[in-house]
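Each chain is listed here by its residues.
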Protein chains: 2
Amino acid sequence: MKMSSGVEWALHSCVTLSQSREPVPAARLAELHGTPPAYTAKQLQALSRAGIVHSTMGQVGGYSLTRPASEISALEVVQAIDGDEPAYRCTEIRQRGPLGIPAERCSRPCAIARAMTAAQDAWSRALAQLSIADLAADIDADSDGTAMPDIRRWLTTTRS
Amino acid sequence: MKMSSGVEWALHSCVTLSQSREPVPAARLAELHGTPPAYTAKQLQALSRAGIVHSTMGQVGGYSLTRPASEISALEVVQAIDGDEPAYRCTEIRQRGPLGIPAERCSRPCAIARAMTAAQDAWSRALAQLSIADLAADIDADSDGTAMPDIRRWLTTTRS
DNA sequence: TTATCTCGGATATTTTCTATCCGAGTTCAT
DNA sequence: ATGAACTCGGATAGAAAATATCCGAGATAA
């Protein structure tokens, strides 16, 4: 059970985008984060499809958040990249084999599936109550308040 | 982020083993559950390596639980099959790129990694407080108390 | 002692994820 | 108005992992 590596890049990209009102090209985000440019672009396309970022075409185009960072949860970003289907998929073993239970008597999900769903719900809740703005604030605090200003400065001044 | 399909078979196998004091061959478990025999055996080998089941060789051999089912958590079984490494792996993006932070100033994990670890901990806790005995009881209750007696009967009487 | 049954690790096949490239569309400068 | 440059978007190769399988090593019972 492992998560796509693109999730890490997408979360960092969202934090970075929260520091810019201007659109930021995918190539610029890849340069800032030291990630493969073409593949990073692909993750941003997934965020666009999920309605988390908005893409602007043309010479001064790029990506920007569609909402305030405080209203975008970490869970949304993870699901946009990694998919929203649960990690555990019940194949209804209880209905198979010599002791198989007829489907008509299987109104509730299997007890094992219920346990897995409960665990995944706990995981989802932990990520749902955390916003991109929270992450940005935490990252900034870790660097004694220099990280976010540095990003803002780099985005506005540096020219590739 | 998806879990190995073998997890489902392993959990059902443990529930079944909790109903038998005699060793049960892998082929028998596969027949009962309607799963691929060879691949099912592989999952049981993983459980054996993790110390959850004990294998007995020879003509009347098979697998049996090493401990009472009430002392085996669902988390142990999941980790035995799916691995115990966390789903999210931080590649230290903060140290890369033009604004990379020197490693010496990265004593704490990245804020994003901390959030992911917290979510995974919530998931783990939910599975750790659930035992194989609990699952067996829930499955039995779903069937109005017929499922576990049926399994015990099938294991002792039926002959392939 | 022999034959039969068990597990265990090493071996193909399929699927998924990772990474990349080139075309469609839009904006800005001329 | 025109052209040029820069952007995103989906379709295309390559790599890694999971899935599924087989046959040999070992132990028990007859």
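Data block above holds the structure.
Quantities reported herein were computed from a predicted structural model and do not represent experimental measurements.

### Notes on the protein's contact with DNA strand D
- Lining the immediate environment of DNA strand D, one finds 23 residues, of which Gln45, Ser55, Gly58 and Tyr63 of chain A together with Ser4 of chain B sit closest.
- Side-chain polar atom of glutamine 45 of chain A to a base nitrogen of DNA strand D: 3.0 Å apart, as the coordinates give it.
- Residue glutamine 59 of chain B places a side-chain N or O atom 3.0 Å away from a sugar or linking oxygen belonging to DNA strand D.
- Secondary-structure elements contributing two or more residues to the surface near DNA strand D are helix 3 (37-49) and strand 2 (62-65) of chain A together with helix 3 (37-49) of chain B.
- Ranked by residues supplied to the surface near DNA strand D, first place goes to helix 3 of chain A with 4 residues.
- Tallied by class, the residues present in the surface near DNA strand D amount to 10 nonpolar, 10 polar and 3 charged.

### Structural notes on the pairing of strand 1 (residues 53-56) of chain A
Residue and element names in this part refer to chain A.
- Direction of pairing for strand 1 relative to strand 2: antiparallel, over a ladder of 4 bridges. If you follow histidine 54 over to strand 2, its bridge partner there is serine 64.
- From the end of strand 1 to the start of strand 2, which pair antiparallel, there are 5 residues, and glycine 58 there has a positive phi angle of about 100°.

### Brief notes about the environment of alanine 133 of chain A
- Following the sequence through the fold, alanine 133 of chain A ends up in helix 6 (residues 132-142).
- Put simply, alanine 133 of chain A and proline 98 of chain A are 35 residues apart on the chain and 54 Å apart in space, counted from C-alpha to C-alpha.

### Quick look at the packing of aromatic side chains
- What the rule picks out here adds up to 2 aromatic pairs over all chains.
- Residue placement shows arginine 28 of chain A over the ring face of tryptophan 154 of chain A; its charged tip is 5.3 Å from the ring centre.

### Description of the relation of the copies chain A and chain B
- Expressed as a screw transformation, the operator carrying chain A onto chain B has a rotation angle of 180° and an axial translation of 0.0 Å, and the superposed copies differ by an RMSD of 0.0 Å. The superposition operator between the copies reduces to a two-fold rotation axis. It is tryptophan 123 of chain A whose C-alpha, among those of chain A, lies nearest the rotation axis, at 2.6 Å.

### Side note on the nonpolar core
- One finds Leu47 of chain A together with Leu47 of chain B to be the most contacted residues of the largest nonpolar core, which totals 98 residues.
- When neighbours within four sequence positions are excluded, leucine 47 of chain A is seen to be in contact with Ala10, Cys14, Ile52, Val53, Val77, Ala80 and Ile81 of chain A.

### Some points on the protein's contact with DNA strand C
- Around DNA strand C, a shell composed of 24 residues is seen, among which Ser4 of chain A together with Gln45, Ser55, Gly58 and Tyr63 of chain B lie nearest.
- Protein-proximal atoms of DNA strand C, defined as those within 4 Å of the protein, fall in sugar or phosphate at a share of 70%.
- The separation between a sugar or linking oxygen of DNA strand C and a polar side-chain atom of glutamine 59 of chain A is 3.1 Å.
- It is helix 3 of chain B that contributes the most residues to the surface near DNA strand C, 4 residues altogether.

### Regarding the side chain of glutamine 19 of chain B
All names here are of chain B.
- Locating glutamine 19 in the fold gives a position in the loop between helix 1 (6-17) and helix 2 (26-33).
- According to the relative accessible area criterion, glutamine 19 is buried, its value standing at 18%.
- Of the polar contacts made by the side chain of glutamine 19, one reaches the side chain of arginine 152; its length is 2.5 Å.
- For glutamine 19, the contacting residues outside a window of four places in its chain are Ala136, Met148, Ile151 and Arg152.

### Points about the interface of chain A and chain B
- In this complex, chain A contributes 52 residues to the contact, which on the side of chain B involves 53 residues.
- Taking both sides of the interface into account, the surface hidden between chain A and chain B amounts to around 4,600 Å²; carbon and sulfur atoms contribute 66%.
- When the buried surface of chain A facing chain B is broken down by residue, Met1, Glu8 and Ile93 of chain A rank first, second and third, together holding 17% of it.
- Along the contact surface separating chain A from chain B lie 6 salt bridges.
- Where aspartate 144 of chain A meets arginine 105 of chain B, a salt bridge forms, and the shortest distance between an N and an O atom there is 3.4 Å.
- Elements with a minimum of two residues in the side of chain A that touches chain B: helix 1 (6-17), helix 2 (26-33), helix 4 (74-82), helix 5 (111-128), helix 6 and helix 7 (147-157) of chain A.
- Considering each element in turn, the side of chain A that touches chain B owes the most residues, 11 residues, to helix 5 of chain A.

The rules we used
- Residues numbered from 1 in each chain as written.
- Chains lettered and ligands numbered in written order.
- Predicted model: local features only at pLDDT ≥ 70, side-chain atom pairs only at ≥ 80, totals over all residues.
- Heavy atoms only, no water.
- Near = heavy atom within 4 Å.
- Polar contact = N/O pair within 3.5 Å; in protein donor to acceptor, adjacent residues only side chain to side chain.
- Helix = DSSP H or I, 4+ residues; strand = E, 2+ residues; numbered from the N terminus.
- Nonpolar A, V, L, I, M, F, W, Y, C, P; charged D, E, K, R; others polar.
- Pairing = 2+ DSSP bridges.
- Phe/Tyr/Trp six-rings, centres within 6.5 Å; stacked < 30°, edge-to-face > 60°.
- Lys NZ or Arg CZ within 6 Å of the ring centre and 35° of its normal.
- Least-squares fit on C-alpha atoms with pLDDT ≥ 70 in both.
- Core = buried A, V, L, I, M, F, W, Y, C linked by side-chain atoms within 4.5 Å.
- Buried < 20%, exposed > 50% of the residue type's maximum accessible area, 1.4 Å probe, protein only.
- Contact = heavy atoms within 4.5 Å.
- Buried area = accessible area lost by both parts, 1.4 Å probe.
- Salt bridge = Lys/Arg side-chain N within 4 Å of Asp/Glu carboxyl O.

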